[in-house]
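# Close look at the chain arrangement
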Amino acid sequence: MASYLLFIATIGGIYALLALSLNLIWGGAGMVNLGLAGFFAVGAYASALVTTAGHAPILAGWVLALIAGGAAGIVVTLSTTRLREDYLAIVTLGFAEVVRLVAANEQWLTRGTDGISGIPGPWKAALGRDFNAVYFVILLAVLLAVFLLMRRIDRSPYGHALRAIREDAQVAQVAGKPVLRFKAQAFALSAAIAGLAGALYGHFTSYIAPDLFLPLITVYIFLAVAAGGVGSPGGSLVGAYLLMTLLESARFFVELIPGVTAVQRAALKELLIAVALILVLRLMPSGLMPERIPRAPRPQTGGTP
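The paragraphs below set out a description of the structure included in this document. Fair warning: this is a prediction, and the values are worked out from it, not measured in the lab.

### Some points on unusual backbone geometry
Its identity is not glycine, yet Arg-111 carries a phi of approximately 65°, on the positive side. With respect to the helices, strands and loops of the structure, Arg-111 is situated in the loop between α5 (107-110) and β1 (116-117). Residues other than glycine seldom take positive phi values, yet Ser-206 does so here, at roughly 70°. Here Ser-206 shows up in the loop between α10 (179-205) and β2 (207-208).

### Considerations on empty space enclosed by the protein
Evaluation of the coordinates by the stated rule reveals two cavities of 30 Å³ or more. Of the voids in this model, the largest cavity is the one considered here, and its volume is about 140 Å³. If you trace the largest cavity, you find 14 residues lining it, with Asn-23, Leu-24, Gly-28, Met-150 and Asp-154 closest to the centre. Put simply, the parts of the chain that give the lining of the largest cavity at least two residues each are α1 (2-29), α7 (131-155) and α8 (157-167). Considering each element in turn, the lining of the largest cavity owes the most residues, five residues, to α1. Of the residues in the lining of the largest cavity, the class split is six nonpolar, five polar and three charged. Looking at the second largest cavity, its volume works out to about 30 Å³. Lining the second largest cavity are Ala-37, Ala-41, Tyr-45, Ala-96, Val-99, Arg-100, Ala-103, Pro-210 and Phe-213. Within the residue set of the lining of the second largest cavity, elements represented by two or more residues are α2 (36-52) and α4 (85-105). With four residues, α4 is the single largest residue contributor to the lining of the second largest cavity.

### Thoughts on the packing of α1 against α10
Viewed as axis vectors pointing N to C, α1 and α10 meet at an angle of 170°, and their least axial separation amounts to 7 Å. Here α1 lies roughly antiparallel to α10, going by the angle between them. Residue-level inspection shows Phe-7, Thr-10, Ile-11, Ile-14, Leu-17, Leu-18, Ser-21, Leu-22, Leu-24 and Ile-25 of α1 in contact with α10, the latter providing Ala-186, Phe-187, Leu-189, Ser-190, Ala-191, Ile-193, Ala-194, Ala-197, Leu-200, Tyr-201 and Phe-204. Tallied by class, the residues present in the contact of α1 with α10 amount to 18 nonpolar, three polar and no charged.

### Observations regarding the pattern of salt bridges
On inspection of all chains with the given rule, the structure shows three salt bridges. Here Arg-163 and Asp-154 are joined by a salt bridge, their closest N and O atoms 2.7 Å apart. On the basis of relative accessibility, which here comes to 6%, the residue Arg-163 falls in the buried class. A salt bridge links Glu-167 to Arg-166; the shortest N-O distance between them is 3.1 Å. In this structure Glu-167 comes out as exposed when scored by relative accessible area, which is 57%.

Rules and cut-offs
- Residues numbered from 1 in each chain as written.
- Predicted model: local features only at pLDDT ≥ 70, side-chain atom pairs only at ≥ 80, totals over all residues.
- Heavy atoms only, no water.
- Helix = DSSP H or I, 4+ residues; strand = E, 2+ residues; numbered from the N terminus.
- 1 Å grid on protein atoms, 1.4 Å probe; cavity = no way out; pocket = protein on both sides within 12 Å on 5 of 7 lines; lining within 4 Å.
- Points joined across faces, edges and corners; volume = space filled by probe spheres on them.
- Nonpolar A, V, L, I, M, F, W, Y, C, P; charged D, E, K, R; others polar.
- Axes fitted to C-alpha atoms, helices over the stretch in contact; angles between N-to-C directions.
- Parallel < 35°, antiparallel > 145°, perpendicular 65-115°, else oblique.
- Contact = heavy atoms within 4.5 Å.
- Salt bridge = Lys/Arg side-chain N within 4 Å of Asp/Glu carboxyl O.
- Buried < 20%, exposed > 50% of the residue type's maximum accessible area, 1.4 Å probe, protein only.

Laid out in C-alpha cells, this is it:
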C-alpha cells in the first residue's frame, strides 16, 4: 500500500510540474498550448537517450531535457509569430502529434513503438525498495524549486507585464512592452519545465513509449490548472493532486460496477472524471485557489507631502 501511495504521489508531482508549466503561459501570458504532451515527450526522450545509449549521468540527462524542451518552445513560438492566439493552439497540437509520430516511426533513434526500457534511476540498484521514497523526495525538491520560481515570476514586474499581455497584447505593446520577446521567453521556460517533467517521469518508470504521450495528458493538465485556479501557482499544485485523486478514485469505483467490459470501464472512468471536474468548475468558476493580483497602492489625498 505504501509503495502504491508513493507511486501515485510521485506521478501527481510530475503532473504538478506540468500544471505549473502550463499555468505560466496560459494563466500568465494568455497563450494556449495544446502541445504540452509534445514537450513532455521531448524531455523524456532526450534524457532517456543520453543516459541509455550515451551512458551520460542522470543529472546531465535532466539538464539536457531542460535545454531540449526550451529550444523546442522557442522554435514553436518563433514559427507562430504572425499567427493569432487560436492558431497557436492548433500549431502546438500539431507539434505534439509530430513528436509522437516521429518517436513511433524513427526506430533507429527511439526504438519505435517498442519504446526505451532500462532507463536508469538515481541510485536505484543500491536503494532497492527505498527507491520510490528517495525519488519522491528528489521530485519534491524540484517541484518546490519550480514553484518558488513561478511565485517569484508571478509577483515580479515581469509577471505583471505578462498579465498585461494576457489582458491586451496591443495595449501592452503600445505601452512599450516587447510583447514578442516576453512571449518567447515565457513559452521557452514553460516548455523547459515540461521537458524536465518528462525526464523525471522516464527515470522514475524506467520506460517510455510514444503511446504514453497522447494528447489526453494535455487535457488532464488543462483540467488540473482550471480546477486549481488559472493564474495561481498554488492552485496548479492543488489542481494536479486533485486530478490524480479523481483519476485513481474513479478507477477503483468503476471496478465495483458489475456487468461492464474493460472498454466500458475505461469510458466510465473518463465520464466520472469529467463530471467531477465540471462540478468543481460550476461551483467554483475561478478554481479552488483563484488568482490574486496585487493592487497598486492608492495615492494619498490631502495632508502635506
